[in-house]
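Inside the fold
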Amino acid sequence: MDIGEPAIIEGIRDSALFAHDARTLVRGHPHGVRLHLARSPGRYRADIVVDGPQGGAFFDDGVSVNLEEFDRVCPAADTLLDALAHALGVPRRFCGCSAFVSPPGSGLPLHFDDKDVVIVQVSGDKRWRLAANTGLRYPTANYAAGGRVSTELARYYRPEAPGAGAPEQCDTVDLGPGGSLFLPRGHWHGTEAHQDTASVSLSFGIAAPSWSTVFLERLRTRLLTVDHWRAPAVRLDGEGGRFLAADLVQHMDGAISELLCGP
């Protein structure tokens, strides 16, 4: 399937939703509106979700917003998401669509995502800064340059390590209406809407599970067939609770070490 096929792009752009201006699109969204708030130059936070009217007020103040679950209100986006999932062989539950709506001149600083993303520009123009992530492959959490590292990501990523931080040089790509872009998982990217008009783009995320997730699901399915693996890890008794036997912990640690070493 060609994401750039004119019929597919036109089907999205012809949606009745986009007959409204960007502010009306935000205010009328019936699902969560995620705010992308600038904390300082080059830094932002994206952990606040509000409703449509509140999102519209922030949009009026120059804040870029993300309309979550957009495929639930835009049939053309839902159809494209189904086609992407089928073409890639990824279960539909691992795919999602959101609409990024940016006031003129606003955007996001450099960051990377924990999923593969296909971008379709619907209206307005947006400039993208792009760079390969040479310091980390296959991240399992999002990260914005200069921001907080999540607990999970901190287990294996240190942005202050040599070569791990945000790149100093980036490629630049300008997207206009009908343009599309593929962002591999972990790829650094930052955006800025054109100074004269608001930008609306759709983000189709493909969050295929990692091999560790697949393995853990299969492992748990097998372990649940054995009595002692279904037993509580803490036994309540007269001594106030006793953790599982030390030899079992040692067996687990040994098995994990063998898996990490490989064949």
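The structure reproduced in this document is the subject of the present report.

Definitions and limits used
- Residues numbered from 1 in each chain as written.
- Predicted model: local features only at pLDDT ≥ 70, side-chain atom pairs only at ≥ 80, totals over all residues.
- Heavy atoms only, no water.
- Helix = DSSP H or I, 4+ residues; strand = E, 2+ residues; numbered from the N terminus.
- Buried < 20%, exposed > 50% of the residue type's maximum accessible area, 1.4 Å probe, protein only.
- Contact = heavy atoms within 4.5 Å.
- Areas by Shrake-Rupley, 256 points an atom, 1.4 Å probe, with all protein chains shown as cover.
- Pairing = 2+ DSSP bridges.
- Polar contact = N/O pair within 3.5 Å; in protein donor to acceptor, adjacent residues only side chain to side chain.
- Phe/Tyr/Trp six-rings, centres within 6.5 Å; stacked < 30°, edge-to-face > 60°.
- Patch = residues over 30% accessible without salt bridge, like charges linked within 9 Å, V, L, I, M, F, W, Y side chains within 5 Å.
- Salt bridge = Lys/Arg side-chain N within 4 Å of Asp/Glu carboxyl O.

1. Description of the overall build of the chain
Per the secondary structure count, the chain includes seven helices and 14 strands. The buried share of the chain, taken over its 263 residues, is 36%. Taking the contacts inside the chain whose residues are at least 6 apart along the sequence as the reference set, 77% of them involve residues at least 24 apart. Total accessible area computed for the chain in this model is approximately 15,300 Å², and 54% of it derives from carbon and sulfur atoms.

2. As for the sheet that holds strand β8 (residues 143–144)
Reading across from one edge, β8-β5-β11-β7-β9 is the order of the five strands in this open sheet, with antiparallel pairing throughout. On the outer flanks of this sheet lie β8 and β9 (171–175), each paired with one strand and no other. Pairing between strand β7 (residues 126–131) and strand β11 (residues 188–193): six bridges, direction antiparallel. Among the inter-strand pairings, Leu 130 is bridged to a residue of β11, identified as His 189.

3. A closer look at the pairing of strand β12 (residues 199–206)
In terms of burial, β12 is largely enclosed, as eight of its eight residues are buried. Here β12 shows a buried face lined by Ser 199, Ser 201, Ser 203 and Gly 205 and a second buried face lined by Val 200, Leu 202, Phe 204 and Ile 206. Note: strand β4 (residues 95–102) against β12, eight bridges, orientation antiparallel. Within β12, the position partnered with Ser 102 by the bridge is Ser 199. Here strand β6 (residues 116–123) pairs with β12 via seven bridges, running antiparallel. Its bridge partner lying in β12, Val 120 is registered against Leu 202.

4. Some words on the side chain of His 29
Among the secondary structure elements, His 29 is positioned in the loop between α2 (22–27) and β1 (33–40). Within the local environment of His 29, its side chain forms a polar contact with the backbone oxygen of Glu 68, the two atoms lying 2.6 Å apart. Other than its neighbours up to four places away in sequence, His 29 contacts Gly 52, Leu 67, Glu 68, Glu 69, Phe 70 and Val 73.

5. Brief notes about the packing of aromatic side chains
In total, this model carries six aromatic pairs according to the counting rule given. With centroids separated by 5.9 Å and ring planes inclined at 35°, the aromatic side chains of Phe 18 and Phe 70 adopt a geometry described as tilted. Here Phe 18 is found in the loop between α1 (6–13) and α2, whereas its partner Phe 70 is found in the loop between β3 (64–67) and α4 (75–88), with 52 residues between them in sequence. For the residue pair Phe 18 and Phe 70, the accessibility class agrees, reading buried in each case.

6. Remarks on a nonpolar patch on the surface
A grouping of Val 226, Trp 229, Met 252, Ile 256 and Leu 260 is seen on the molecular surface, where their side chains present a nonpolar patch of about 450 Å² in accessible area. If you tally residues by element for the nonpolar patch, the top one is helix α7 (residues 246–261), at three residues. Along the chain, the position of Trp 229 falls in helix α6 (residues 227–230).

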